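Close look at the chain arrangement
Single-letter residue listing:
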Amino acid sequence: MTNAMEHEIFDIVGDILKDYQNGRTIDKIDIFNQPDKEVIIDIIQKLLKILFPGYYRDKFYKSYNANSHLSILIEDVIYHLNKQIAIALKFSSAYEHKTEEGIQEDAGKISLAFFRKIPQIRAYVETDLQAAFEGDPAAQYREEIILSYPGLYAITVNRLAHELFLLGVPLIPRIMTEHAHSRTGIDIHPGATLGKYFCIDHGTGIVIGETTEIGDYVKVYQGVTLGALSTRDVERLRNKKRHPTIEDHVTIYSGASILGGETVIGAGAVIGGNAFITTSIAAGSRVSIKNQELNINMQECKLLQKTDLEQDEMWFYTI
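About the thresholds
Residues numbered from 1 in each chain as written. Predicted model: local features only at pLDDT ≥ 70, side-chain atom pairs only at ≥ 80, totals over all residues. Heavy atoms only, no water. Helix = DSSP H or I, 4+ residues; strand = E, 2+ residues; numbered from the N terminus. Contact = heavy atoms within 4.5 Å. Pairing = 2+ DSSP bridges. 1 Å grid on protein atoms, 1.4 Å probe; cavity = no way out; pocket = protein on both sides within 12 Å on 5 of 7 lines; lining within 4 Å. Points joined across faces, edges and corners; volume = space filled by probe spheres on them. Nonpolar A, V, L, I, M, F, W, Y, C, P; charged D, E, K, R; others polar.

So, the environment of His181
- Here His181 shows up in helix H8 (residues 172–184).
- Among all residues touching His181, those that are not within four sequence positions of it are Ile186 and Asp187.

Rendered as structure tokens:
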């Protein structure tokens, strides 16, 4: 390396270090006072082992008694989740003037309250599994759905994150659901309320907003958006009902967009693919797009003859 290059590198390093002194959000260096994303992802994986003990087992530990291993696992997750919640609570204005001892005490209470919800979460996930199995003729086994279906994975992580969201935990629920989003292409805000027997088929590109309310026995296909009608004037919209309500036994086919906090899709309605809805739909309705036009340009097609080896057969090629 030449002296000139070393000098340039020294200048570049100095410029970057100086750039950290601007006081912006991205300049903050305080890694011990913010939730650890890697730890939270590890907590997700361990929670899945607790929810599905026969499917996400830790193969590195051998034990004759599964309950012993699960007991240790549960205590381990409570410990690490408690630490992350204590850090996250400091981001809430409600804890701005609380002592460290008070924050730790509340974090412990929240962690325990969350784990008391685990049996209820498992009961709901069982209904989601049943809905996926009954709703997909390609599913041969329930085990196939647990081990491989992105829809069930995204729903399960959301159900865990939603309970932490209801308990007032900042940051961590969103980290959890965005991890699921990155793995599955399914974006469900932890604030969204999901009923029992919720089924996501295929799933890629689904967006479900924060204040969405979904009833029981709802099925949603890929590319569906349950979103806000407008995101202008963000401060006015914050903490307001911005996303639709989907009542029981509704099916929403691929590519449909349902927008607005006052929009209600009535029980038993079927929303066809690519529908764009901003007003309420009565119960039992069938919504579809009428007379979509298919345009085929034949001017750029030509007839080409195949080679001698293919004899006299003729094929059409589109240029």
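Observations regarding the sheet that holds strand E4 (residues 207–208)
- The strand order across the open sheet formed by five strands is E1-E4-E7-E10-E13, and the pairing between neighbours is parallel. Of all the strands in the sheet, just strand E1 (187–188) and strand E13 (276–277) have a single pairing partner and so form its edges.
- In this structure, strand E7 (residues 225–227) lies alongside strand E10 (residues 257–259), joined through three bridges in parallel fashion. Bridge pairing in E10 places Leu226 opposite Ile258.

Regarding empty space enclosed by the protein
- For the structure shown, the criterion picks out three cavities of 30 Å³ or more.
- Taken as a whole, the largest cavity holds about 50 Å³ of empty space.
- Among the secondary structure elements, those contributing two or more residues to the lining of the largest cavity are helix H5 (118–135), helix H7 (150–166) and strand E3 (199–201).
- If one sorts the elements of the lining of the largest cavity by residue count, H7 sits on top with three residues.

With respect to the layout of surface pockets
- The computed volume of the largest pocket comes to approximately 370 Å³.
- Within the residue set of the lining of the largest pocket, elements represented by two or more residues are H8 and helix H9 (234–237).
- Within the lining of the largest pocket, the residues separate by chemical class into eight nonpolar, five polar and four charged.

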